[in-house]
Amino acid sequence: MHIAWTSFLLALVVITVVPGPDFVLITGNAVRGVRYGALTAAGVVTGLLVHALLATVGLSALVAAAPAALLAVKAVGALYLAYLGIATLRAARRGGPIRQAPKSDRSLFLRGVLCDLLNPKVMLTFLSLVPQAMDPAAPPLPQAALLSAVAVGVFACFWAVVVPLAGRLSALLTRPKVRPVFERLCGTALIGMAASVLAA
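An account of the accompanying structure is given in this report. Bear in mind the structure is a predicted one, so any value in this text is a computation, not a measurement.

**A word on the overall build of the protein**
Right, so step 1: Within the protein one finds ten helices and zero strands.
Right, so step 2: Beginning at the N terminus, the succession of helices and strands in the protein can be written as α-α-α-α-α-α-α-α-α-α.
Right, so step 3: Computed over its C-alpha atoms, the radius of gyration of the protein comes to 18 Å, within 12% of the 16 Å expected for a compact globule of 200 residues.
Right, so step 4: Dimensions of the protein along its principal axes, counting C-alpha atoms only, are 60 × 35 × 25 Å.
Right, so step 5: Counting every position in the protein, which comprises 200 residues, the buried fraction comes to 42%.
Right, so step 6: Intrachain contacts of the protein at a sequence separation of at least 6 include 87% that bridge at least 24 residues.

This is the structure:
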């Protein structure tokens, strides 16, 4: 079995480090506390696992092949990102202590899950990246499962680095003059990403 590991891993690293909705959500919560960021990242990785499973068994391919289904996924994902962005902008206007705890650990985790799960770009990444690295002469299912697992592992390692780093920046980003600017940037970025999801 000759998997194209080099091209796969290079492309995966590029995709991983380019900021997206998951990055904005995780770092925004990590600034409030490393634990908050870790819970959000755990939710995002769970969403990735679901995407990996669906791509492996071929369900995501069916959704991508059906224009109406893919449009519905895009619309729901864009609405959720816009909701997160608007909520973040409102938090920037309200002010108050940045370290106030969110509603619950569960809400942090679920936000991470939904942010990743409702992002059609993640689904399409699995569907476009994994098949290109597979050996056409070997059984597809074991290869898809292995490559998808590696992709999830790379993302998880990335978040394991990002969350503590964002936590260390909290002293800077929680300053009264800096925090509203940071939250406005995060909120605007999420709304912009919502628009890009619909336009894709």
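**Examining the environment of Ala 38**
Right, so step 1: Of note, Ala 38 is situated in helix α3 (residues 34–57).
Right, so step 2: What makes Ala 38 partly exposed here is its relative accessible area of 38%.
Right, so step 3: Remark: the alpha-carbon pair of Ala 38 and Leu 89, spanning 51 residues in sequence, is separated by 22 Å.

**Some details on the pattern of salt bridges**
Right, so step 1: Following the criterion strictly, the structure yields two salt bridges and no others.
Right, so step 2: For Arg 32, the salt bridge is made with Glu 183, and the minimal N-O distance between the two is 2.6 Å. Note that Arg 32 is positioned in helix α2 (residues 21–32) and Glu 183 in helix α10 (residues 179–199), a separation of 151 residues in sequence. Of the two residues examined, Arg 32 and Glu 183, each falls in the buried class.
Right, so step 3: Here Asp 105 ties to Arg 35 by a salt bridge, and the two come within 2.5 Å at their closest N and O atoms. With Asp 105 in helix α6 (residues 105–117) and Arg 35 in helix α3, this residue pair connects regions lying 70 residues apart in the sequence.

Here is what the cut-offs are and how they apply
- Residues numbered from 1 in each chain as written.
- Predicted model: local features only at pLDDT ≥ 70, side-chain atom pairs only at ≥ 80, totals over all residues.
- Heavy atoms only, no water.
- Helix = DSSP H or I, 4+ residues; strand = E, 2+ residues; numbered from the N terminus.
- Rg over C-alpha atoms; globule rule 2.2 N^0.38 Å.
- Buried < 20%, exposed > 50% of the residue type's maximum accessible area, 1.4 Å probe, protein only.
- Contact = heavy atoms within 4.5 Å.
- Salt bridge = Lys/Arg side-chain N within 4 Å of Asp/Glu carboxyl O.

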